[in-house]
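Spelled out, the chains give:
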Amino acid sequence: MKKYKLYKSTAVLFLSVITLGTLSSCNTENIEDVQNKGAFDSENFYQNRDQAFQALVATYDPIGKYASSSENMLVFLNAASDDFYSGGGSGSDGIGIQGFSNYSIDPIIMPQSYWNIYFQGISRANALIEKLPEISMDSNEKARFNAESLVLRSMYYFELLRMFKNIPLILKPVQASDNYFNMPQEDPKKVYQQIENDMLAAIPILPVRVSGVENGRLTQGAAKALLGKIYLYDGKKDLAAVQFADVNGVPGGTSQYGYKLLTNFNNLWDFKNKFNSESVFELVCTSNVNATWTITAGRSRGNIVNQMVGPRSFRRTDAGIAAKVKDVYTGGWGFNAVTEDLFNFMQGDPRMDATIYNAKKLKEDGYINYVSGYKDTGYFLNKFLPTQTDRSTGGGNVELNFAQDIYIIRLADTYLLEAESLNASGARAQALLDAVRKRVGLPSVPVSMQAIKDERRRELAGEGHRWFDLVRWGDASLVLGNRGFKPNKNEVLPIPYKELINTVIKQNPGY
C-alpha cells in the first residue's frame, strides 16, 4: 500500500465530488508518491480551516475511481457479470478487465489501482481525523469535516471488503518509523464492526441536505443509504431495513431528505440532469479540467465510462441521418458489449431502449456502420452512450472530458435493497417493488426474492451492481459458471502481487 505526502505549496483539485465553483483554482500536483513511508508531511500543513478543507477534498478524491479512469469500477464490474462481455479492441485490451470477465484473473494481471486507491483515501482520512482537533476553526464545521472523513473511510473500507474481503485495518496515520511491512489482515467481521460504528457516530453530524456548490458532499441520507448497504452485506438485514426506511420514506412519495423517483426513467441518463431527486449520492464528472493524455490523463475528472462503452468508429449513413437515428459519438472503444442473455431478458420491458442501444438492428437496416470490437454483439450500454452533442467543446482530449455524472446510490436501488432486507415479504416490501415498476408503467407482481432479483437486473443494468448482487445472493457460481467462475474462490478478487512483496499480507484462497 503506497501512501501519500501532502504539501502546502498548492491546493488540491477535487472536481469528482464537489462542483467546480468551489475549487476552480486548485490542482493535484501537490500529491506526491512517497513509497513505503505512509505518512503525510504535516509539519507545515493543517494550520487552518482552508488547509483542512483541502485535505478533506483530497479525501473525497478516490470516489473518482467509479468512472474517472480507464481502470474504473463500473466497466470492470460490468465485465464480470452475466450482462456484459469485456469488449474492447481485442482479448488483450485492458488485460485486467478481460481477466475478470473470463475468470482467468490472477495476482499478476489484477490491476493494483483497485487496492491502493482506496487505501490512499483511508490514509488521507486518517491524517485529517488525527489533525482536526489541533486546527483552529469553527467547531461545527470541524465536526462536519470529521464526520465526512469517517464516512469516506468507511466507504473505502466497504469497497475493499466487497472486492478483497481480507484486508488490513488501519485507523491512524502510518509513520515513517512504523513497521509498514508488518500490517496483517484483520478479521472481516471486525472491519465491518469498525465501519458500522464510525458511520453511526458520523451520521447525526452530517447536514440533512446540501445545495449549490456543496452538491456532491455527504449528507445524512447518503450516509444512511451507505450504512444500509454495509449492514446488508454484513448479514444484518434488520438493521439495514431501518436505515433504508429512513432514506426511502413512503414508497413512491418524497422522503424526508427530498428523494423521489423521477417520473421518466429516461431522464436519469440526461447528461445535464445532475443532482436530481432520485440521486442519493453521485460522482460528479466535469469537462472543465480539459484533461489531456500528456498532462492530466491520470487525474481526469471526466466520465471515461462514456468513452469506453461507445461503438468503435461509429457513423450514420445518409439513410440514418434522414431517419434521425441517434448521432452517437464516433470514437468509442467498444467495452462492455451487452450479452445476448441480457438483451433477451429485457424484451418487453419499458426500460429496454434507455438501457440497450441496438446497433445490430440499425446496421442491418442500413442506418449506421461501426467497427466490431472484441466480443461484439451489436448491443451497447445506452445509459452511458455519449452522443456528438455530449462532447466537450473545451480544451483537452474529448475522450477524457465527458460530463455525465455516475449514481453511486440512487433511490430505485435503495427501494429494492430495502425490499430485500425485509426478506422479500410483507406489505412494505410489496409497495417498494411496486413503486419501482409503476414508475415505468409496469403492473404489480407478487413480491418475492426472485421478483426483486429480476427487478434489480432490469432497473440497474449496467450500473455496476450485478456482480456484487450475484455474489451476495450466492448465485454467482450458477450464473457465471460458464464464464469460468469457481466457487470458494472467485467471490473475492486476488490481492495484487505487488502488495504481497515483503509484507505479511496473505493471498486470498485459490489464487
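Residues numbered from 1 in each chain as written. Predicted model: local features only at pLDDT ≥ 70, side-chain atom pairs only at ≥ 80, totals over all residues. Heavy atoms only, no water.

### Regarding the pairing of strand 8 (residues 406-410)
Side chains on a regular strand alternate between the two faces of the sheet. For strand 8, the buried fraction is high: five of the five residues fall into the buried class. Judged from the four bridges that link them, strand 3 (residues 279-283) and strand 8 form a sheet pairing that is antiparallel. Across the sheet, residue Phe-281 finds its bridge partner in strand 8, namely Ile-409. (Buried < 20%, exposed > 50% of the residue type's maximum accessible area, 1.4 Å probe, protein only. Helix = DSSP H or I, 4+ residues; strand = E, 2+ residues; numbered from the N terminus. Pairing = 2+ DSSP bridges.)

### A few points about the pattern of salt bridges
Under the counting rule described, the total for this entry stands at 38 salt bridges. Glu-148 is paired through a salt bridge with Arg-144; the nearest N and O atoms lie 3.7 Å apart. Of this pair, Glu-148 and Arg-144 both sit in helix 6 (residues 139-164), four residues apart, which is roughly one turn of that helix. Judged by relative accessible area, which is 14%, Arg-144 ranks as buried. We note a salt bridge from Glu-159 to Arg-162, for which the minimum N-O separation is 3.0 Å. Within this pair, Glu-159 and its partner Arg-162 are both found in helix 6, separated by three residues, close to a single helical turn. (Salt bridge = Lys/Arg side-chain N within 4 Å of Asp/Glu carboxyl O.)

### Focus: the packing of helix 15 (residues 411-421) against helix 16 (residues 427-439)
The relative placement of two packed helices is expressed as an angle between their axes plus a distance between the axes. Relative orientation of the contacting elements helix 15 and helix 16 amounts to 150°, with a least axis distance of 8 Å. Here helix 15 lies roughly antiparallel to helix 16, going by the angle between them. Our pair here, helix 15 against helix 16, has a crossing hand that is left-handed. In contact with Ala-412, Tyr-415, Leu-416, Glu-418 and Ala-419 of helix 15, helix 16 contributes Arg-428, Ala-429, Leu-432, Leu-433, Ala-435, Val-436 and Arg-439. Split by residue class, the contact of helix 15 with helix 16 holds nine nonpolar, no polar and three charged. (Axes fitted to C-alpha atoms, helices over the stretch in contact; angles between N-to-C directions. Parallel < 35°, antiparallel > 145°, perpendicular 65-115°, else oblique. Left-handed = near helix turned anticlockwise from the far one by under 90°. Contact = heavy atoms within 4.5 Å. Nonpolar A, V, L, I, M, F, W, Y, C, P; charged D, E, K, R; others polar.)

### Quick notes on the packing of aromatic side chains
For any pair of aromatic rings, geometry is given as the distance between the ring centres together with the angle between the planes. Taken as a whole, this structure holds 22 aromatic pairs when the rule is applied. Ring centres 5.4 Å apart and planes at 75° place the aromatic pair Tyr-103 and Phe-485 in the edge-to-face group. Residue Tyr-103 is found in the loop between helix 4 (95-102) and helix 5 (113-131), and its partner Phe-485 is found in the segment after helix 19 (476-480); the two are separated by 382 residues along the sequence. Between Tyr-370 and Phe-380 the ring centres are 5.3 Å apart and the planes differ by 85°, which places this aromatic pair in the edge-to-face class. Pair noted here: Tyr-370 is in strand 6 (residues 368-371) and Phe-380 is in strand 7 (residues 379-381), with a separation of 10 residues, a long-range link. Joined through ring pairs, the aromatic side chains of Phe-76, Phe-100, Tyr-103, Tyr-114, Trp-467, Phe-468 and Phe-485 make up one cluster. The aromatic ring of Tyr-233 is capped on one face by Arg-162, whose charged end is 5.1 Å from the ring centroid. The ring of Phe-345 has Arg-457 sitting right over it, with the charged end atom 4.5 Å from the ring centre. (Phe/Tyr/Trp six-rings, centres within 6.5 Å; stacked < 30°, edge-to-face > 60°. Lys NZ or Arg CZ within 6 Å of the ring centre and 35° of its normal.)

### Focus: the packing of helix 15 against helix 17 (residues 449-459)
Across the interface, helix 15 lies against helix 17 with an axial gap of 10 Å and an inter-helix angle of 165°. Accordingly, the angle class assigned to the pair helix 15 and helix 17 is roughly antiparallel. Seen along the crossing, helix 15 lies across helix 17 with a hand that is left-handed. Of the residues in helix 17, those in contact with Ala-412, Asp-413, Leu-416, Leu-417, Ala-419 and Glu-420 of helix 15 are Met-449, Ile-452, Glu-455, Arg-456 and Glu-459. In terms of residue class, the contact of helix 15 with helix 17 is made up of six nonpolar, no polar and five charged.

### Remarks on helix 8 (residues 220-233)
When the terminal C-alpha atoms of helix 8 are compared, their 20 Å separation across 14 residues agrees well with the 20 Å that a helix rising 1.5 Å per residue should span. Within helix 8, 14 of the 14 residues are buried, which leaves the element mostly enclosed by the surrounding structure. Immediately beyond the C-terminal end of helix 8, within one or two residues, lies Gly-235, with a positive phi of roughly 80°. (Expected span 1.5 Å × (residues − 1).)

### A look at the UniProt feature "domain: SusD-like N-terminal" (unreviewed entry) in the chain
The residues that UniProt annotates with the feature "domain: SusD-like N-terminal" (unreviewed entry) are residues 110-232. Within residues 110-232, the helical portion is 59% and the strand portion 0%, while the C-alpha atoms at the span's ends are 27 Å from each other. (UniProt positions renumbered as here; feature names shortened; annotations may be inferred.)

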